[in-house]
Amino acid sequence: MEPIATERLVLRPFAPDDFDALFSYQSRTDVATWLPWDARGEDEVRVALGKKLASVAIADEGDVIALALTHKDTGELVGDVILGLVSAEHRTGEIGYIVHPDHQGLGYMTEACREILRIAFDDLGLHRVIGRVEPRNHASARVLEKLGMRREAHFVENEFIKGEWQSEAIYAILDREWRDRAESS
């Protein structure tokens, strides 16, 4: 996949030399708070990077595109985003994202995810894209809302993660809703 430039970012496939930058946020407990995994050590980040390096195209159900988000002016890695194919039959994808805490609150994730939704709907021809968040993660939920995704479900304490029952909110947007938003802006 070729790099994609947005107003302030470049979305590109991960490279082996992204290890230090990826480790700088995947090793943080505050980043892992709402994720199913704990802060990662070096070996775990190397495994995660290996998976990201291999996640460059969607051909079959279960495939994922993982993109590094770099600042257009500095080249600094500010986070990452994924798009996965959940169901080929139902043309459904799922987005996910992580932003380094030093870059939170600047709108980078909304900017990047707009491009990911464009890829999902325009390039891959998906019908529906979902996003899943722990409802207490207000910032992540706000990103999905800014993208025009509607909250469709709230599963109360449906997963036992990190020693506690956690809930899950499901957001979604359809291809026609995405196009209507794009045409009106």
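A brief look at the structure comes next.

Criteria and cut-off values
- Residues numbered from 1 in each chain as written.
- Predicted model: local features only at pLDDT ≥ 70, side-chain atom pairs only at ≥ 80, totals over all residues.
- Heavy atoms only, no water.
- Helix = DSSP H or I, 4+ residues; strand = E, 2+ residues; numbered from the N terminus.
- Rg over C-alpha atoms; globule rule 2.2 N^0.38 Å.
- Pairing = 2+ DSSP bridges.
- Right-handed = clockwise from strand over helix to strand, strands pointing away.
- Contact = heavy atoms within 4.5 Å.
- Axes fitted to C-alpha atoms, helices over the stretch in contact; angles between N-to-C directions.
- Buried < 20%, exposed > 50% of the residue type's maximum accessible area, 1.4 Å probe, protein only.

Scanning the protein from N- to C-terminus turns up 6 helices and 8 strands. Of the regular secondary structure in the protein, the N- to C-terminal order runs β-β-α-α-α-β-β-β-α-β-α-β-β-α. Whereas a compact globule of 185 residues would reach a radius of gyration of roughly 16 Å, the protein reaches 16 Å, a difference of no more than 12%. In terms of overall dimensions, the protein has C-alpha extents of about 40 × 40 × 35 Å along its principal axes.

When strand S5 (residues 92–99) meets strand S6 (residues 128–133), the two strands line up parallel, connected through 4 bridges. Directly across from Gly93, in S6, lies its bridge partner Val129. The parallel pair S5 and S6 is bridged by helix H4 (residues 108–123), and the resulting crossover is right-handed. Pairing of S6 with strand S8 (residues 164–174), which is carried by 6 bridges, proceeds in the antiparallel orientation. Each bridged residue has a counterpart across the sheet, and for Gly131 the counterpart in S8 is Tyr171.

So, on to the sheet that holds strand S4 (residues 77–87). Here 8 strands make up an open sheet; going across it, the order is S1-S2-S3-S4-S5-S6-S8-S7 and the pairing mixed. The open sheet is flanked by strand S1 (4–5) and strand S7 (150–161), the only strands paired with a single partner. Along the sheet face, helix H1 (residues 19–26) touches S4 and S5 and points at about 85° away from the line of S4. Together, S7 and S8 form the strand contacts of helix H6 (residues 175–184), whose direction differs from that of S8 by roughly 65°.

To continue, consider the side chain of Ser140. As for its placement among the helices and strands, Ser140 is situated in helix H5 (residues 138–146). With residues near it in sequence (within four places) discarded, Ser140 still touches Tyr97 and Val133.

This next bit is on the pairing of S4. Two faces make up the sheet, and in a regular strand the side chains alternate between them. Among the 11 residues that make up S4, 9 are buried, leaving the element largely enclosed by the rest of the structure. With 7 bridges connecting them, strand S3 (residues 64–71) and S4 associate as antiparallel partners. When the sheet's bridge partners are listed, Leu67 is paired in S4 with Val81. Hairpin geometry of S3 and S4 is characterised by an intervening segment of 5 residues between the two adjacent antiparallel strands and by a positive phi of about 80° at Gly75.

Scope: geometric values only; no functional claims are made or implied.
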